[in-house]
Amino acid sequence: MSHLSAEDEVELQSLLKQLLRSVSDRISGAPSTECAEEILLHLEETDKNFHNYEFVKYLRQYVESSLGTVMDEETKDLTRGDGQHAIGSGHDTLIHAVTRRTRDSAEYEHMMQTLKNTMIMVVESLINKFEEDQMRKEEMQKQHSQSNSQYIDNCSDSDSSFNQSYAFIRQEQLQVLAEKLDPSRPKEVRWEALQALCCAPPSDVLSCESWSSLRRNLCAALTEPDPDLSDNVLQFFAKSFSSSPMNVTREIYTSLVFFLSVLPQIRLMNDFQKEVTTFWIRHPEKYMEEVIESTFSLLSFHQEHGSASPRTEKALEPIHLLALLDIKATWFKKWMHGYYSRTVVLRLLERKYKALFTFSVCVFVSVQRSVYSGRELEYAFFVHSLCVLGKLLIYTNGRKLFPIKVKKRKDPVSLTDLVLEKGYNLLFVCSDSLSPSSLVMEVLWMLCERTECAAECLYQTAVIETLLAPVIALLDGQKSPAATLTLIADILARIANTDRGLNLFLYEKNLLVAHSERTFAALAIVQFTLKLLDKELSSLIESDTSHTLCGAFIFVCRQIYNTCEGLQVLRPYGLHKAVAAAWKKSSSLSERIPTPVPGATAGASTQELQNMLIWEETLLDSLLNFAATPKGLLLLQQTGAINECVSYMFSRFTKKLQVSRCEKFGYGVMVTQVAATAPGVVALHSSGFVRALVIELWSTLECGSEDVRVVRPKPTPMDPIDRSCLKSFLSLVNLLFSSQSVWELLGRQPLANKSEYTLREMPTSIPDLIDRLIAVNSDAKINSVFHYEQSHTFGLRLLSVLCCSLDSFLLLESQYNICSMLLQSQRENVTEPDTSEGEFIIDSLSVERNHVLVRVSVVGGPSERRLPPRALQEGEDPYPWPMFSSYPLPHYTLMRLLLLLVHHCDFFTCSFFLLAQTLRSVHFWHHLQTQRATRAGWRSVGRYGSYLKLLKDDALHNLTLLMKHIKIFLSSQRVKTSSELITQQDGYPGHDWLASTVFLIMAGDMDRSLRLLLNLSSLLTSAFIWPARIHASVHVPVGVAESGIPPVYWCTAHYVEMLLKAEVPLVHSAFRMSGFTPSQMCLHWLTQCFWNYLDWTEVCHYISTCVLMGPDYQVYTCVAIFKHLQPDILQRTQSQELQVFLKEEPIQGFKVSDYLEFMEGLERSYRDTVLTDMKTIGNPAE
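The name an unreviewed UniProt entry gives the protein is Protein broad-minded, with Lates calcarifer as the organism. Turning to the protein, the UniProt record has this under Function (unreviewed entry): "Required for high-level Shh responses in the developing neural tube. Together with CDK20, controls the structure of the primary cilium by coordinating assembly of the ciliary membrane and axoneme, allowing GLI2 to be properly activated in response to Shh signaling."

Caption draft 1: The arrangement of the overall build of the protein in detail. Helix and strand counts for the protein stand at 65 helices and two strands. Across the 1182 residues in the protein, those meeting the buried criterion constitute 53%. Expressed as a percentage of contacts within the protein between residues at least 6 apart in sequence, the contacts between residues at least 24 apart total 73%. Counting only carbon and sulfur atoms, one obtains 51% of the accessible surface of the protein, whose full area is about 54,700 Å².

Caption draft 2: View of the packing of helix α24 (residues 437–448) against helix α28 (residues 482–496). α28 packs onto α24 with a crossing angle of 5° between their chain directions and a minimal axis gap of 10 Å. The pairing of α24 with α28 is recorded here as roughly parallel in orientation. Of the residues in α28, those in contact with Ser437, Met441, Leu444, Trp445 and Cys448 of α24 are Leu487, Asp490, Ile491, Arg494 and Ile495. Residue classes in the contact of α24 with α28 are distributed as seven nonpolar, one polar and two charged.

Caption draft 3: Summary view of the nonpolar core. By size, the foremost hydrophobic cluster in this structure holds 316 residues, and its most contacted members are Phe296 and Leu735. Here this core gets eleven residues from one element, more than from any other, and that element is helix α21 (residues 376–393). Core analysis: the second largest hydrophobic core is formed by 23 residues, Leu19, Phe50, Tyr53 and Tyr62 among them.

Caption draft 4: Main features of the pattern of salt bridges. Throughout the structure, instances matching the rule amount to 22 salt bridges. Measuring nitrogen to oxygen at the nearest pair gives 3.7 Å for the salt bridge that ties arginine 101 to glutamate 74. With a gap of 27 residues between them, arginine 101 in helix α6 (residues 91–103) and glutamate 74 in helix α5 (residues 54–78) connect regions that are remote in the sequence. Residue classification places glutamate 74 among the buried positions, given a relative accessible area of 17%. The residue arginine 1132 makes a salt bridge to glutamate 1137 at a minimum N-O spacing of 2.9 Å. The exposure class of arginine 1132 is partly exposed, given its relative accessible area of 26%. Overall, glutamate 1137 belongs to the partly exposed group, its relative accessible area being 32%. What emerges from the salt-bridge pattern is a single network uniting Arg797, Glu848, Arg870 and Glu1144.

Caption draft 5: Local environment of helix α10 (residues 187–198). Helix length check: α10, at twelve residues, gives a terminal C-alpha distance of 16 Å against a target of 16 Å (1.5 Å per residue), a fit within 8%. Within α10, the full set of buried residues consists of Arg190, Ala193, Leu194, Ala196, Leu197 and Cys198.

Caption draft 6: Inspection of unusual backbone geometry at higher detail. With an omega of -5°, the peptide bond between phenylalanine 402 and proline 403 qualifies as cis. By the secondary structure assignment, proline 403 is in the loop between α22 (396–399) and α23 (415–424). A positive phi angle, near 50°, is found at asparagine 817, a position not held by glycine.

Caption draft 7: Main features of the packing of helix α41 (residues 723–735) against helix α45 (residues 788–803). Two numbers describe how α41 lies on α45: the axes approach to 11 Å, and their chain directions differ by 30°. Put simply, α41 runs roughly parallel to α45. Considering the relative orientation of α41 and α45, their crossing is right-handed. Residue-level inspection shows Cys725, Phe729, Leu732 and Val733 of α41 in contact with α45, the latter providing Gln790, Phe794, Arg797, Leu798 and Val801. A breakdown of the residues in the contact of α41 with α45 according to their chemical character gives seven nonpolar, one polar and one charged.

Caption draft 8: Expanded view of the packing of aromatic side chains. Tallying each qualifying case throughout the model produces 19 aromatic pairs. Measuring from centroid to centroid gives 5.6 Å for tryptophan 280 and tryptophan 335, while their planes differ by 50°, and the two rings are tilted. Separated by 55 residues along the polypeptide, tryptophan 280 in the loop between α15 (263–275) and α16 (285–304) and tryptophan 335 in helix α18 (residues 330–337) bring together distant segments of the chain. Tryptophan 280 sits in the buried class, given a relative accessible area of 2%. Ring geometry for phenylalanine 650 against phenylalanine 689: centres 6.1 Å apart, planes inclined by 85°, an arrangement best described as edge-to-face. Taken together, the residues span a long stretch of sequence, with phenylalanine 650 in helix α37 (residues 642–654) and phenylalanine 689 in helix α40 (residues 689–703) at a distance of 39 residues. Both residues of the pair, phenylalanine 650 and phenylalanine 689, count as buried. Within the aromatic cluster, the residues linked to one another by ring pairs are Phe737, Phe1071, Phe1076, Trp1085, Phe1090, Tyr1102 and Phe1122.

Caption draft 9: Region of interest: the confidence of the model for the protein. Averaged over all residues, the pLDDT of the protein is 79; the fraction at 70 or higher stands at 79%. Highest mean pLDDT in the protein belongs to helix α62 (residues 1112–1124) (97); lowest belongs to helix α51 (residues 931–948) (32). Low pLDDT (under 50) marks residues 81–90, which in the prediction has twelve contacts with non-local residues, meaning those over four places away or in another chain. In the predicted structure, residues 367–374 sits below a pLDDT of 50 and forms 15 contacts with residues beyond four places in sequence or in another chain.

Caption draft 10: Structural view of a nonpolar patch on the surface. A surface patch of nonpolar side chains, about 350 Å² in accessible area, is lined by Leu1019, Val1107, Leu1108 and Met1109. Taking the relative accessible area as the measure of exposure, valine 1107 reaches 31% and is therefore partly exposed.

Caption draft 11: Representation of the state of the cysteines. By the definition in use, this model includes zero disulfides. Left without a disulfide partner, cysteine 819 is nearest to the cysteine sulfur of cysteine 803, which lies 7.2 Å away. The structure places no disulfide on cysteine 1106, whose sulfur is separated from the nearest cysteine sulfur, that of cysteine 1118, by 8.2 Å.

Caption draft 12: Quick look at a negative patch on the surface. A surface patch of negative charge is lined by Asp72, Glu73, Asp77 and Glu107. Take the negative patch: its biggest share by element is three residues, from α5. Note on placement: glutamate 73 falls in helix α5.

Caption draft 13: Summary view of the side chain of serine 294. Tracing the chain through its elements places serine 294 in helix α16. Sequence-distant contacts of serine 294, that is, excluding residues within four places in its chain, are made with Tyr253, Thr254 and Val257.

Caption draft 14: Region of the structure containing α18. Those residues of α18 that fall on the buried side of the exposure criterion are Trp331, Phe332, Trp335 and Met336. Buried positions in α18, seen along its axis, are confined to an arc of 130° and lie on one side of it.

Caption draft 15: The arrangement of the environment of methionine 269 in detail. Structurally, methionine 269 can be placed in helix α15. Taking C-alpha positions, methionine 269 is 9.4 Å from alanine 238, a pair spaced 31 residues apart along the chain.

Caption draft 16: Region of the structure containing the environment of proline 318. With respect to the helices and strands, proline 318 occurs in helix α17 (residues 318–325). Taking C-alpha positions, proline 318 is 9.6 Å from valine 257, a pair spaced 61 residues apart along the chain.

Caption draft 17: Fine view of the environment of serine 647. By the element assignment, serine 647 lies in helix α37. Between the C-alpha atom of serine 647 and that of glycine 688, which follows or precedes it by 41 residues, the distance is 7.9 Å.

Calculation notes
Residues numbered from 1 in each chain as written. Predicted model: local features only at pLDDT ≥ 70, side-chain atom pairs only at ≥ 80, totals over all residues. Heavy atoms only, no water. UniProt positions renumbered as here; feature names shortened; annotations may be inferred. Helix = DSSP H or I, 4+ residues; strand = E, 2+ residues; numbered from the N terminus. Buried < 20%, exposed > 50% of the residue type's maximum accessible area, 1.4 Å probe, protein only. Contact = heavy atoms within 4.5 Å. Areas by Shrake-Rupley, 256 points an atom, 1.4 Å probe, with all protein chains shown as cover. Axes fitted to C-alpha atoms, helices over the stretch in contact; angles between N-to-C directions. Parallel < 35°, antiparallel > 145°, perpendicular 65-115°, else oblique. Nonpolar A, V, L, I, M, F, W, Y, C, P; charged D, E, K, R; others polar. Core = buried A, V, L, I, M, F, W, Y, C linked by side-chain atoms within 4.5 Å. Salt bridge = Lys/Arg side-chain N within 4 Å of Asp/Glu carboxyl O. Expected span 1.5 Å × (residues − 1). Left-handed = near helix turned anticlockwise from the far one by under 90°. Phe/Tyr/Trp six-rings, centres within 6.5 Å; stacked < 30°, edge-to-face > 60°. pLDDT = per-residue confidence, 0-100. Patch = residues over 30% accessible without salt bridge, like charges linked within 9 Å, V, L, I, M, F, W, Y side chains within 5 Å. Disulfide = S-S within 2.5 Å. Lys, Arg positive; Asp, Glu negative; His and termini not counted. Charge placed at Lys NZ, Arg CZ, Asp CG, Glu CD. Arc of directions from axis to C-beta.

Set out below in structure tokens:
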């Protein structure tokens, strides 16, 4: 490279020129050559395209060609033969050693010398070419130099792409400028000197020997009334802020701070305050600390010398001007945002400038209403101080500054004093246009959103007592402004929305009422709300905001009753009845208001109607939120407004509206809670929710997104359920999770089974969906879908989840012969369908059908049955499990399924297949099945029982007699219902799994089984572990009996959710995040006595524990199971498969005996609440 040809020199010049043009914007913005040099030296750190420049590539190639051999040799020398580094074990150590030796080599020295000589030649040649461009700019340079010729040297030019000149100034010239800027000089001389100074690089000015005198004279010019001088100084400072390094801007800022006096200077300072946070972290902390300290010094110094008589005119202080320009203290919020700067701010406030903080507190605590009568300046100062204090309070070290001593106060101001005495009192200042109430509300909202901050500032007995003082006063017959009460209700709602705040309302007697008695805050709130609803408070009845106030306090109650523990406290007051009565009254009144006639002038009736509709929606929304808990859903159903509430929810759900300003999740959890019950799913169906869900699913599954432009073909889905359909799949699973929901949506609903389907024909109901996706038994159905394999796989996966509910499967099998359809599809899926010698074709559909058929044919716990996999395995035999197309199951399959069954299993494993076939001829299946199906079922049961050698000859007969006796006994204790629910007609809508369990425990002895069940029916426990026993029973109120909501849901599941939140909070949160509820899972497990989820011994232990220890142990058992499953639940929540996992997978490794100690602990903590409420099953709504 030391002997370059003419072509090489031209190439290097071109590459260097290209690099300079690429970074011209950066260099042209530099105030001096030193800054430009710094930019070039650090270009690799700041320019992401650095390694793409051709000049850089050229240099890299040259270095590699010159030093590559040297580095390879050094690496070999430093590495031993065994692969270990001679100089250390670290990879970085080897790199450093190779680098050091390479730099010390003769080759490196020769390369650097050659490179230096070559680049000098290239740069000199390039400079010579720049002279031509310089000549063309000469005229412009002359104009510039005429006014500054005596101060400015010849300019250094660059290529035309730079389009900027750099002015250089000597120390002697700066000394002359400093003298000419002296305040004693004439204005014209000073102005001319300022003009020259503005053309000089700020870094040169600040580094000169005469900077101290320049600084003093510049600051003196700032105070001049003539804007020509002060504006030029500000221009110089602004230029320094925008283009100088941190050390320069720091010096300029501190100069500006110490000589501030007018508004433009404050504005410039404030702009710098708000921008400096974006870059000061890249510089030493001392720079940032100097900026912060100079600011605090300015504000503290002026306020100390700014005291004057209240009646005399007071000079404006810098802090007043800063408040006017930045009323919300944005600069302080930015300084407090990052830990890097927040630490310095709090340290300086605590150690050196506490007077500034004291002054802000003093302004806040001493402000009076008169301040807002035309005194905007003081108002701005107050707002600024309020924002500063609010930002300080949200941080721990900021709160440590309290208590603080202020003037004119004997005692120091504590956090509680700040919130109560002033923050609370300012809420009552609502008449002025410059009211501080809304600003105080913003700060209180901010405090509520931070747990630790709210705990110290708001979650205090004194704070709650003060906030509720107007409420207590109104209950005692005194008066209080409605607008203030609305603001207080907003704060109370935000406090009640947190766990700690809710506990403060529910469990601490922190309110002093009449006769020196104390009561709970929640009780005072609900009593006040009831009086507002009943219009018993005369001072508030005539208020224009009475509905707004009432709605605000209902919203506070809503934060309480939409939790299980809160509802337990508020339920005795009958708030649901009062809200429902108010809604019915409002609804009837809105119907009486005449509809506005088109063309007529809008009068009072139009506004009245609008207000009435808003009030009606508020009440409906409040009623709807009772459905957030299982027991609350029962209360909502008892009001008779469940259909209207669900319709209202669907209208908001379709618009993707938030539940409320305090809710973190949407309506998903509430929809799931409602769908778990028969009346709830009927309301969802009538509202159009089910139809919308089915149409959305079909559109996603079959049609795709029509409004998305197709740029490339969609990839073939690799998962059984494509990610685009997962949300709809989980929504369907949640909707059909309960067997009662399946009964209501599918009961007595035949499949279409059309001979022809058009591609545009979309399913609109659950039976339609089953017809098109699950019961695909004809070519017409296959040809009616675009993606047959994907859609049918989706349907089979949905069927698998549905069949995990034994009652749901019995309904599907009895109505649609699902197993026969699946077996027929397997028979047709062979290599030679026309002969009997064909082999099964192993594909995704046949594997999925095989899994479903085995799942629905065999019953057992985690160690009692094994299901075939859903995926192929690697190796020569990808699917070792046998396929089958007719019953009974293949011998090999049965042996694998029954491999772990031993002496204690008895009849359990065979029972489900027996029941699924025989119950068609027993109490609730006789009207659904033909005699042919019944006889075939009996033959299948006989073959299956004989093979297992578990049934005696009269076992099936004994089971039939037992079911008939139980049916007669229970039917005599049921109310005659007029309900239109399918589940309330023709007896209990499902199989009596508790009776079947007892029959198996008694080894098929009908007499012993009947005697035990009759004795059990007299115990309270039977109402919870025996769902068929309490179904539509005369032992509960008629309204509850006709509701279709079982006690195992509104009582057991309710307390499971309450205990989960307290004892296993991670599981509770996981359910909320999944849009799924623990109550659904409890209802599913308990309805079928844990069949298919626990081993037979554990099922027996569960029943024995509940009978011997008490019905509340049913709650404790469910909580223990959730605790046992916590790791799996958390993992499945992340993968969005919690519902499917809990529904399809058995409970592995759970033993009742292992959790008895845990359950006993729950009994000691919660029995008084849980068991007491269970005993009131006869009147649960009161």
